[in-house]
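# Observations on the model geometry
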Amino acid sequence: MRVGNITPAAQSNIVASESDVLQQVQIGSTTAEQLKKIYPDIIQSDSGYLGYGDRIITVESGDIVIYMRDIKGTVPQQMFVFDSDSKVLQSILFLRADNDFDALIGSLKTAGFAPYPDLTADEFAIMQMAASETPESRKQSMQQAGVQQFKKGTLLALAMPASVNENSKMPSLIILNLAYASEHRAKWEKHQRSASQAN
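Everything in this summary refers to the structure shown in the same document. Within every chain, residues take consecutive numbers counted from 1 along the sequence as written. With pLDDT at 70 or above as the cut-off, local features in this predicted model cover only qualifying residues; side-chain atom pairs require 80 or more to be listed or tallied, and sums for whole chains, interfaces and linings still use all residues. Side-chain figures throughout are based on the complete set of non-hydrogen atoms in the structure, without hydrogens or water.

### Quick notes on the overall build of the protein
The number of helices and strands found in the protein is six helices and ten strands. Computed over the C-alpha atoms, the radius of gyration of the protein is 17 Å, within 12% of the 16 Å expected from 2.2 N^0.38 for a compact globule of 199 residues. Expressed as lengths along the three principal axes of its C-alpha atoms, the size of the protein is roughly 60 × 40 × 30 Å. For the protein, the proportion of its 199 residues judged to be buried stands at 44%. Think of it this way: any DSSP run of H or I at least four residues long counts as a helix, any run of E at least two long counts as a strand, and we number them from the N terminus. Only C-alpha atoms enter the radius of gyration; for comparison, a globular chain is expected to reach 2.2 Å times N to the power 0.38, where N is the number of residues. Summary of the burial criterion: residues with accessible area below 20% of their type's maximum are buried, those above 50% are exposed, and those between are partly exposed, where the area comes from a 1.4 Å probe applied to protein chains only.

The following block contains the structure:
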């Protein structure tokens, strides 16, 4: 064992971690209680958000619950986002402190995700960031930033290099359940209504 360097065995454990999660946890069906049994080391987060396009719901709203694990320094490498009503997992965020972007892509391929460069019209409507954004402009800006898109069933994955993540400076992988988007939108609209009534 070499001190100060990651041994090949430890390296393979790091690389396997996202793949392991994607084999043990099912977005769209795993509950918070099930996740606690699989990963007793998870910690509930008091902040965070889940966004589809420009619609964002925060933990503070009470509509989502986020658990995190594998915390390196102050950064959790894995975050699990649950709907607070159904208690069902709807999104996962992975970060890589070792900056191994290829490992994130590899974990998607191992889990059966396929490259998915073009969204359908409905999917684009879910993921649209601004009224001025078009499918073509979205695709172009993602290509320029090096963001790669994958899909498996109703799950959409966005693999983002470190250069895209201004805050963490780490490569990340976001997996969203597109089937949850309408429920997410309804909750977001409810908050928009109460915010406008408060003003």
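### Considerations on the layout of surface pockets
Estimates place the volume of the largest pocket at around 1,200 Å³. The method works on a 1 Å grid over the protein atoms by themselves. A cavity is a set of points holding a 1.4 Å probe that cannot get out, a pocket is an open set with protein on both sides within 12 Å along at least five of seven lines, and residues with an atom within 4 Å of a point line them. Lining the largest pocket are 37 residues; nearest its centre among them are Y49, M160, N165, S172 and I174. Secondary structure elements with two or more residues in the lining of the largest pocket: β2 (49-52), β4 (64-72), β5 (75-83), β6 (89-95), α5 (135-145), β9 (155-160) and β10 (172-177). Its residues placed into classes, the lining of the largest pocket shows 22 nonpolar, twelve polar and three charged. Grid points are joined across faces, edges and corners, and a volume is the space filled by probe spheres set on the points. Residue polarity is assigned by list, with Asp, Glu, Lys and Arg as charged and Ala, Val, Leu, Ile, Met, Phe, Trp, Tyr, Cys and Pro as nonpolar; anything else, Gly included, falls into the polar class.

### A word on the environment of T58
Considering the arrangement of structural elements, one finds T58 in strand β3 (residues 55-58). A relative accessible area of 31% means that T58 is categorised as partly exposed. T58 sits twelve residues away from D46 along the chain, and the two C-alpha atoms are 9.7 Å apart. If near-sequence neighbours (up to four positions away) are discounted, T58 is found in contact with G48, Y49 and I64. Contacts: residue pairs with any heavy atoms within 4.5 Å of one another.

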